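What the coordinates show
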Amino acid sequence: MTLRSITEAAEQIRLKKISPVELVRECLERIDRLNPTLNAFITVTSDSALAEAKKAEQEIQSGNWRGPLHGIPVGLKDLIDTAGVRTTAASGVFRDRVPSEDADVVKKLRAAGAVFIGKQNLQEFAYGSSSVISHFGPVRNPVNPDFIAGG
């Protein structure tokens, strides 16, 4: 499946031409394949992402489409609190921190039906622009892993 944008994916999901489960599986497979090189994700939430995708698919099949983010896989910077999911800010100081509630933006994304696939690596505390300084290792540029990803 080759989709060029979230808009295109959302339309394909709304028209029931692709499944949120299929799209999430493809994203998780790509993370498994590329993350050892890119180090883009600190935490991948495969099980909960698939459960959320199945729920989205059932809702959409039942005619309860919530809008253009319903069933769309989303990665969040590991600076944004997600209840029950480790949120480290890419720092060793918070390497075991698990928030008890979602940040407001997460609540809004959940209400829109977005599917969370994991927490993305970043510059420690988002303080800088290289994405090299992270307790979990540098983030690599997806076009050329020899370059930095940038802020």
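Please refer to the structure placed before this passage.
Here's what I pulled together on the structure shown here. Values in this document were obtained by computation on a predicted structure and should not be read as measured data. (Residues numbered from 1 in each chain as written. Predicted model: local features only at pLDDT ≥ 70, side-chain atom pairs only at ≥ 80, totals over all residues. Heavy atoms only, no water.)

Brief notes about helix 1 (residues 6-14)
Helical geometry: 3.6 residues make up each α-helical turn, so side chains three or four residues apart lie on a common side. Within the sequence span of helix 1, burial applies to Ala9, Ala10 and Ile13. End-on, the buried residues of helix 1 take up no more than an arc of 100°, which puts them together on one face. Elements in contact with the buried residues of helix 1: helix 2 (20-38) and helix 3 (46-61). After helix 1 finishes, the residue Lys16 shows a positive phi value of roughly 65°. (Buried < 20%, exposed > 50% of the residue type's maximum accessible area, 1.4 Å probe, protein only. Helix = DSSP H or I, 4+ residues; strand = E, 2+ residues; numbered from the N terminus. Arc of directions from axis to C-beta. Contact = heavy atoms within 4.5 Å.)

Observations concerning the environment of Ser46
Structurally, Ser46 can be placed in helix 3. On a C-alpha basis, the gap between Ser46 and Glu29 in space is 9.8 Å, while along the polypeptide they are 17 residues apart.

Here we look at the pairing of strand 2 (residues 73-77)
Bridge count between strand 2 and strand 3 (residues 115-120): 5 bridges; the pairing is parallel. Residue pairing in the sheet places Val74 in a bridge with Phe116 of strand 3. The parallel pair strand 2 and strand 3 is bridged by helix 4 (residues 104-111), and the resulting crossover is right-handed. (Pairing = 2+ DSSP bridges. Right-handed = clockwise from strand over helix to strand, strands pointing away.)

So, the sheet that holds strand 3
Pairing within the open sheet is mixed, and its 3 strands lie in the order 1-3-2. Looking at the sheet topology across the chains shown, the edges are occupied by strand 1 (41-44) and strand 2. Each strand of the sheet is rotated relative to its neighbour by a mean of 35°, with strand direction disregarded. Direction of pairing for strand 1 relative to strand 3: antiparallel, over a ladder of 3 bridges. Each bridged residue has a counterpart across the sheet, and for Thr43 the counterpart in strand 3 is Lys119. Across the sheet, helix 2 is in contact with strand 1, strand 2 and strand 3; its angle to strand 3 comes to roughly 15°. (Axes fitted to C-alpha atoms, helices over the stretch in contact; angles between N-to-C directions.)

Structural measurements only, silent on function.
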